[in-house]
Amino acid sequence: MTQTETATEAAHRSGFACLVGRPNAGKSTLTNALVGEKVAIMSARPQTTRHTIRGIVHRPDAQLVLVDTPGLHRPRTLLGQRLNDLVKETLGEVDVIAFCLPADQKVGPGDRFITSQLAPLMTGRRAVPVVAVVTKADLVDRATLVEHLLAVQALAGEVDREWADIVPVSARDGYQVDELADVLVKHLPEGPELYPGGELTDEPEQVMVAELVREAALEGVRDELPHSLAVVVDEIVERPGSGDEKSGRPPLLDVRVDLYVERDSQKAIVIGRGGARLRDVGTRARQGIERLLGARVYLDLHVKVARDWQRDPKQLRRLGF
């Protein structure tokens, strides 16, 4: 190996960046924009993300592994507490943190709560750099954006800390998305690739399928339902004799999915009159699932009631939390 090749290899960086912020701060949309493909579900409803979703950014000089987390918040249920614990556990294991603060919302108590949680991580022997990312920059005018950037800068001073960088972005129109990737990569250690080239996420297929169904089910529902909806994939099996290698026809996969809510009234909302809404959920979810699995899909959806599952430790474990 030549000296030039050694230097090039040594210059390669790899590591983990965690996206954190209060609910609906644009973390999942930003994750997808950085990866260049959809790896995290998106919804205008708070607390859409319930797992740590890893999206992988492949570059010639670096491999950036993004960890999209649930929104950090003051919990009101056992589920909320477990989601917060998941975020805090993740924060202690990454190389850089991207703290998302939406430009169209003033800095508030939720942002101050998160800042107080981040402050201890920003000092000490293994201090983690925190990049303040002002998301949704396309939704405000320049004067408002400047005012928000100043408020974000002052936020770190309230806990006697400094942000490693402050970057305004818009995931929807691509404004400064590449620049943010450069900033995050700058804070990664030198190292080899952590995942094979071309792999965009390490999430199991069943988790991704469940998330796609939940995303479709959250469209256009009332405020109380998102928190009460859990989705579990029961099985994904190939229907015997459905594929044909000679003709290139992909196999048909039978995908059975259970949607859990907490009350009978919520079950009625998900199903809709005459089952119309559930059929619509299935149609929209199936399109994404077929793209994900690369096969034709027969999607079988069932809605069940698991009363007060957000507060029941046994039911939370059964539903994967």
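These numbers come from a predicted model, not from an experiment.

**Considerations on the pattern of salt bridges**
Opposite charge on two side chains allows them to pair when their charged atoms are near. Enumeration according to the criterion identifies 13 salt bridges in this entry. For E147, the salt bridge goes to K106, with nearest N and O atoms at 4.0 Å. Of the two residues, E147 is situated in helix 5 (residues 142-157) and K106 in the loop between strand 4 (96-102) and helix 4 (109-118); the sequence distance between them amounts to 41 residues. Note on K106: relative accessible area 69%, which makes it exposed. Between D254 and R239 there is a salt bridge; the shortest N-O distance is 2.5 Å. One end of the pair, D254, is in strand 8 (residues 252-261); the other, R239, is in the loop between strand 7 (230-238) and strand 8, with 15 residues separating them in the sequence.

**Quick look at the nonpolar core**
Generally speaking, a soluble globular protein has its nonpolar side chains buried in company with each other. Counting 26 residues, the largest nonpolar core has V213, V257, L259, I289, L299 and L301 as its most contacted members. Mapped by element, the contributors of at least two residues to this core are helix 7 (205-218), strand 7, strand 8, helix 10 (276-293) and strand 9 (296-305).

**Points about the state of the cysteines**
With the rule as written, the count across this model stands at zero disulfides. Left unpaired, C18 is separated from the closest cysteine sulfur, that of C100, by 9.3 Å. According to the relative accessible area criterion, C100 is buried, its value standing at 0%.

**Regarding the side chain of H12**
Structurally, H12 can be placed in the loop between helix 1 (3-11) and strand 1 (13-20). Relative accessible area serves as the criterion here: at 12%, H12 is assigned to the buried category. Looking at H12, its side chain comes within polar contact range of the main-chain oxygen of G191, at 2.7 Å. Leaving out residues up to four positions away in the same chain, H12 has contacts with R59, P60, D61, A62, Q63, P189, E190, G191, P192 and E193.

Rules behind the numbers
- Residues numbered from 1 in each chain as written.
- Predicted model: local features only at pLDDT ≥ 70, side-chain atom pairs only at ≥ 80, totals over all residues.
- Heavy atoms only, no water.
- Salt bridge = Lys/Arg side-chain N within 4 Å of Asp/Glu carboxyl O.
- Helix = DSSP H or I, 4+ residues; strand = E, 2+ residues; numbered from the N terminus.
- Buried < 20%, exposed > 50% of the residue type's maximum accessible area, 1.4 Å probe, protein only.
- Core = buried A, V, L, I, M, F, W, Y, C linked by side-chain atoms within 4.5 Å.
- Disulfide = S-S within 2.5 Å.
- Polar contact = N/O pair within 3.5 Å; in protein donor to acceptor, adjacent residues only side chain to side chain.
- Contact = heavy atoms within 4.5 Å.

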